[in-house]
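Per-entry structural report
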Amino acid sequence: MNPWYSLLNKPMFNPPDWVFGPVWAILYLMMTISIWLYWYTKNREMNTIYTYFIHLVFNATWSITFFAFHNMILALAVLIILIALIINLILSFKRVKMISAYLMIPYLLWCCFALILNTSLIILN
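Every value quoted in this text rests on a predicted model; they were computed, and no experiment measured them. (Residues numbered from 1 in each chain as written. Predicted model: local features only at pLDDT ≥ 70, side-chain atom pairs only at ≥ 80, totals over all residues. Heavy atoms only, no water.)

1. With respect to the state of the cysteines
Put simply, the rule is: Disulfide assignment relies on a single distance test, namely cysteine sulfur atoms paired within 2.5 Å.
According to the stated counting rule, one finds zero disulfides in the structure shown. Cys-111 forms no disulfide, and the closest cysteine sulfur to it belongs to Cys-112, at a distance of 7.3 Å.

Following this line, the structure appears as structure tokens:
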């Protein structure tokens with residue numbers, strides 16, 4: 001983990017550092033399968049594909065904002081936008097390929113947990 005992060009005051013529900021790697025690996029696999037299944041449907045919409053890639057930019061931006069710039073408040077704003085994009089993707093996927101929508105739900109839940117964690121870190125630090 002980032003040395004800056006390890007020095008922060010954390011809430012009691014903060015997961016141990018070793019949890020983040022496996023969780024993100026599983027979530028990225030599920031996200032990839034989700035978009036792959038959606039891509040191979042005849043009713044796919046390119047705007048949904050574009051939204052998927054835009055959401056990946058916000059996903060990466062959160063990490064950079066939080067861990068590189070140490071700006072927890074801006075990271076929180078990025079996370080709110082990311083969650084909105086994920087909800088949009090779930091709704092778009094649902095109209096075309098239900099399994100793609102279901103595969104995104106754990107990611108949405110993890111990002112909501114990250115929102116709570118990010119907010120707690122702001123309050124505690």
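Now, onward.
2. With respect to the packing of helix 3 (residues 46-68) against helix 5 (residues 98-124)
Geometry of a packed helix pair, given as the angle between the helix axes and the separation of the axes. Heads up, the condition is: Orientation is described by lines fitted to C-alpha atoms, with helices fitted over the stretch in contact, and by angles between N-to-C directions that extend from 0 to 180 degrees. Each helix corresponds to a stretch of at least 4 residues labelled H or I by DSSP, and each strand to a stretch of at least 2 residues labelled E; elements are numbered beginning at the N terminus. For classification, angles of less than 35 degrees are called roughly parallel, those exceeding 145 degrees roughly antiparallel, those between 65 and 115 degrees roughly perpendicular, and all remaining angles oblique. Definitions for this section: a left-handed crossing has its near helix turned counterclockwise from the far helix by less than a right angle. A right-handed crossing has that turn clockwise. Here a residue-residue contact requires only that any non-hydrogen atoms of the pair lie within 4.5 Å.
Between helix 3 and helix 5, the least distance of the axes is 14 Å, while the angle of their chain directions is 25°. As the angle between them shows, helix 3 and helix 5 are arranged roughly parallel. The crossing of helix 3 and helix 5 is left-handed. Contacts between helix 3 and helix 5 involve His-55, Asn-59, Trp-62 and Phe-66 from the former and Met-104, Tyr-107, Asn-118 and Leu-121 from the latter.

3. What to know about a nonpolar patch on the surface
The condition is simple: Patch construction takes residues with relative accessible area above 30% that form no salt bridge. Like charges are linked within 9 Å, and nonpolar side chains (Val, Leu, Ile, Met, Phe, Trp, Tyr) are linked within 5 Å. Each accessible area value is a Shrake-Rupley result obtained with a 1.4 Å probe; residue values ignore everything except the protein chains displayed when judging cover. Salt bridges are defined by distance alone: a side-chain nitrogen of Lys or Arg within 4 Å of a carboxyl oxygen of Asp or Glu. Accessibility here uses a 1.4 Å probe with only protein chains present; expressed as a share of the type maximum, an area under 20% marks a residue as buried, one over 50% as exposed, and anything in between as partly exposed.
On the surface, Trp-36, Trp-39, Tyr-40, Met-46, Tyr-50 and Ile-54 cluster together into a nonpolar patch covering about 670 Å² of accessible area. Contributing elements (two or more residues each) for the nonpolar patch: helix 2 (17-39) and helix 3. Looking at the nonpolar patch element by element, the count peaks at three residues for helix 3. When its relative accessible area of 58% is taken as the criterion, Tyr-40 is described as exposed.

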